[in-house]
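What follows is the residue order along each chain.
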Amino acid sequence: MFTVISVMIVGLCVGLLLRHRRLVFVPRVITVLIWLLLFLLGVEVGGNSDVINSLGSLGVEAFVLAVAGVCGSAVLSWLLYVFVLRSVRRGGRRC
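Residues numbered from 1 in each chain as written. Predicted model: local features only at pLDDT ≥ 70, side-chain atom pairs only at ≥ 80, totals over all residues. Heavy atoms only, no water.

J.: Would you mind showing me how to read the overall build of the protein here?
T.: Along its length, the protein carries four helices and zero strands. Going from N to C terminus, the protein has its helices and strands arranged as α-α-α-α. By the compact-globule yardstick of 12 Å for 95 residues, the protein is too spread out, its C-alpha radius of gyration being 22 Å. Each principal axis of the C-alpha distribution contributes one length, and for the protein these read about 60 × 50 × 25 Å. Of the roughly 9000 Å² of accessible surface on the protein, 73% is carried by carbon and sulfur atoms. (Helix = DSSP H or I, 4+ residues; strand = E, 2+ residues; numbered from the N terminus. Rg over C-alpha atoms; globule rule 2.2 N^0.38 Å. Areas by Shrake-Rupley, 256 points an atom, 1.4 Å probe, with all protein chains shown as cover.)

Next comes the structure, spelled out in structure tokens:
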């Protein structure tokens, strides 16, 4: 845990030092690193026999959580849209 926090603090310091420079390559590096992390996560999960053996029940739970998350986000987004639309129609401030 100390290592993770140390790496984050070092990254923060480097970011503060380089904030006025134009680093156009950073988004591409971040994308590649995210893909690499996802690949390594897949390798780790695929190599864990406990996870593979209980994939059926884990898959159902993951599906239910994903559907509930999407439905909750959709409902709350719609409510926010209605609230903002009502505010704009009443002559409220626009962002």
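J.: Even after reading the chapter, I still don't get a nonpolar patch on the surface, so can you show me in this structure?
T.: Where nonpolar side chains cluster on the molecular surface, the patch consists of Leu-23, Val-24, Phe-25, Val-29, Leu-33, Leu-36, Phe-39, Leu-40 and Val-43 and spans about 840 Å² of accessible area. One can find Phe-39 in helix H2 (residues 26–47). (Patch = residues over 30% accessible without salt bridge, like charges linked within 9 Å, V, L, I, M, F, W, Y side chains within 5 Å. Salt bridge = Lys/Arg side-chain N within 4 Å of Asp/Glu carboxyl O.)

J.: Hey, could you run me through helix H4 (residues 55–89) in this one?
T.: Side chains that are three or four residues apart share a direction in an α-helix, a result of its 3.6 residues per turn. With 35 residues, H4 should cover 51 Å at 1.5 Å per step; its first-to-last C-alpha distance of 50 Å lies within 8% of that length. One or two residues past the end of H4 sits Gly-91, with phi positive at roughly 90°. (Expected span 1.5 Å × (residues − 1).)

J.: Any chance you could explain the environment of Arg-90 here in plain terms?
T.: Secondary-structure assignment places Arg-90 in the segment after H4. In this structure Arg-90 comes out as exposed when scored by relative accessible area, which is 69%. With 30 residues separating them along the chain, Arg-90 and Val-60 place their C-alpha atoms 45 Å apart. (Buried < 20%, exposed > 50% of the residue type's maximum accessible area, 1.4 Å probe, protein only.)

J.: Just to check I follow, could you spell out the environment of Asn-48 for this structure?
T.: Tracing the chain through its elements places Asn-48 in the loop between H2 and helix H3 (49–53). Looking at Asn-48, the relative accessible area reads 31%, which means it is partly exposed. In this structure, the C-alpha to C-alpha distance between Asn-48 and Ser-77, residues 29 residues apart in sequence, is 38 Å.

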